[in-house]
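The primary structure of each chain is shown beneath.
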Amino acid sequence: MFRSTRDGGVTVRLSGGEATLLRSLVVPVMKLLTDPERPSPPSEAAAPDESADLFADLERQFGSPDEPAPELPADPVVARLLPDAYQDDPEKAGEFRKYTESSLRESKKYFAQTLLETLPADGGKVRLTGDQARDWLRALNDIRLMFGVRLEVTEDFDEQLAALDPQDPRLAAFEVYGWLGAVQESLVRALDR
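Figured I'd write up the structure that's included with this text. Because the structure is a prediction, the values reported are computed rather than measured.

The rules behind these values
Residues numbered from 1 in each chain as written. Predicted model: local features only at pLDDT ≥ 70, side-chain atom pairs only at ≥ 80, totals over all residues. Heavy atoms only, no water. Patch = residues over 30% accessible without salt bridge, like charges linked within 9 Å, V, L, I, M, F, W, Y side chains within 5 Å. Areas by Shrake-Rupley, 256 points an atom, 1.4 Å probe, with all protein chains shown as cover. Salt bridge = Lys/Arg side-chain N within 4 Å of Asp/Glu carboxyl O. Lys, Arg positive; Asp, Glu negative; His and termini not counted. Charge placed at Lys NZ, Arg CZ, Asp CG, Glu CD. Helix = DSSP H or I, 4+ residues; strand = E, 2+ residues; numbered from the N terminus. Phe/Tyr/Trp six-rings, centres within 6.5 Å; stacked < 30°, edge-to-face > 60°. Buried < 20%, exposed > 50% of the residue type's maximum accessible area, 1.4 Å probe, protein only. Pairing = 2+ DSSP bridges.

**A closer look at a negative patch on the surface**
Stage number 1. Negative charge collects at one region of the surface, where E155, D156, D158 and E159 lie side by side.
Stage number 2. Its location among the elements puts E159 in helix α6 (residues 157–163).

Written out as structure tokens, the structure is:
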């Protein structure tokens, strides 16, 4: 699928259906990462002469030290996309989440947006720089995480897929999950050359 280029980037040719599928899968990930209760930090820091109080600016961007730490998201997909840094220590995990979650959400949305912006709506040849390709890789990973959680995929994916009845409504979703894995692996191999 993906081929490396001399300048460190990659190219791939996607059908219109493949492009539509990727677009339709990345948008829900972006929506899951948008949390109205936890607004994003400002995208650009204020210039020094625009702000008289550096600490007030930092509190607006990162929250107050007295503010309670956010809990692990209730949605299992969001919890998988934004996992706890300290599995065995909820207090440390919450404190870490308090200072990193909003920037992690924004980074993941940025990777998804890169995929959307570089993917022709009707398919065709896609040419990515090395940085864009790595953003695609991260976005594809998040799409697969979403699918994996929703489908309850285990390490025995091939056996799970083989055991599905041809009439099982989940069959198409399992096949898409497998296809995404192949796309992701192809991209990794192209970047590794």
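**Concerning the packing of aromatic side chains**
Note on aromatic pairs: each is described by the distance of the centres and the angle between the planes.
Stage number 1. Under the definition given, this model contains five aromatic pairs.
Stage number 2. Aromatic side chains F2 and W136 sit 6.0 Å apart centroid to centroid with 85° between the ring planes, which places their arrangement in the edge-to-face category. Within this pair, whereas F2 is found in the segment before β1 (3–4), its partner W136 is found in helix α5 (residues 130–151), the two being separated by 134 residues in sequence.
Stage number 3. Under the relative-accessibility criterion, W136 is labelled buried at 0%.
Stage number 4. For the ring pair F157 and F174, a centre distance of 5.9 Å and an interplane angle of 10° mean the geometry is stacked.

**Section: the sheet that holds strand β2 (residues 10–14)**
Stage number 1. If you trace the three strands from one edge of the open sheet to the other, you get β1-β2-β3, paired in antiparallel fashion. Pairing within the sheet leaves two strands with one partner each, and these edge strands are β1 and β3 (124–128).
Stage number 2. When β1 meets β2, the two strands line up antiparallel, connected through two bridges. If you follow S4 over to β2, its bridge partner there is V10.

So far we have only geometry, and geometry alone does not tell us how the molecule works.
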